[in-house]
Amino acid sequence: MKAMVLRAPSDLVLDEVARPQPAAGQVVVRITHSGVCGTDYKIFNGSIRVPYPLIPGHEMAGEIVATPEPLESLDMEPANPASSEPTAGSPPRNR
Ligand SMILES: [Zn+2]
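The rules behind the values
- Residues numbered from 1 in each chain as written.
- Predicted model: local features only at pLDDT ≥ 70, side-chain atom pairs only at ≥ 80, totals over all residues.
- Helix = DSSP H or I, 4+ residues; strand = E, 2+ residues; numbered from the N terminus.
- Buried ≥ 20, exposed ≤ 12 C-beta atoms within 10 Å, placed from the backbone.
- Contact = placed C-beta atoms within 7 Å.
- Pairing = 2+ DSSP bridges.

Comments concerning the overall build of the chain
So, point 1. Counting secondary structure elements, the chain contains one helix and five strands.
So, point 2. In the chain, the succession of α and β elements from N to C terminus is β-β-β-α-β-β.
So, point 3. Here the chain holds 95 residues, and the buried ones make up 2% of them.
So, point 4. A separation threshold of at least 6 residues defines the contact pool for the chain, and within that pool the share at least 24 residues apart is 60%.

Some thoughts on unusual backbone geometry
So, point 1. Of note, the bond from Tyr-52 into Pro-53 is cis; its omega dihedral lies within 30 degrees of zero at 0°.
So, point 2. Topologically, Pro-53 is positioned in the loop between α1 (38–45) and β4 (60–66).
So, point 3. Positive phi, normally seen in glycine, also occurs at Ser-10, with a value near 65°.
So, point 4. Exposure remark for Ser-10: the 9 C-beta atoms within 10 Å place this residue in the exposed category.

Here's the deal with the pairing of strand β1 (residues 2–8)
Put simply, side chains in a regular strand alternate between the two faces of the sheet.
So, point 1. Taken together, the six bridges between β1 and strand β2 (residues 11–16) define a ladder with antiparallel strand orientation. Bridging from a neighbouring strand, Ala-8 pairs with Asp-11 of β2.
So, point 2. Once β1 ends, the chain turns through two residues before running back antiparallel as β2, passing Ser-10 with a positive phi of about 65°.

A look at the environment of Asp-11
So, point 1. Note that Asp-11 resides in strand β2.
So, point 2. Under the C-beta neighbour-count criterion, Asp-11 is labelled exposed, with 12 such atoms within 10 Å.
So, point 3. Residues Asp-11 and Gly-46, spaced 35 residues apart in sequence, show a C-alpha to C-alpha distance of 10.0 Å.

Keep in mind these numbers describe shape, not what the thing actually does.
Laid out in structure tokens, this is it:
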């Protein structure tokens, strides 16, 4: 799949990346809407240090498209709307 990848400060490129596979308790969300905030800009320009490469962005909404368990067991339905909670912290990344 395609994603914007920050390879270093101010080095943002469109790249091909592996499609994420959800582990137990995780879901994959197809992003339909996103925001860019001051934190994103500071990450982009290197003011906030992050491990590279990084797919930036933490304010988003979309729909759940994959889960490791059947959706019924998670009490969800296909195309269930989802959004991020930026103040809740970031889950471990598998990149
Ligand atoms: Zn933010």
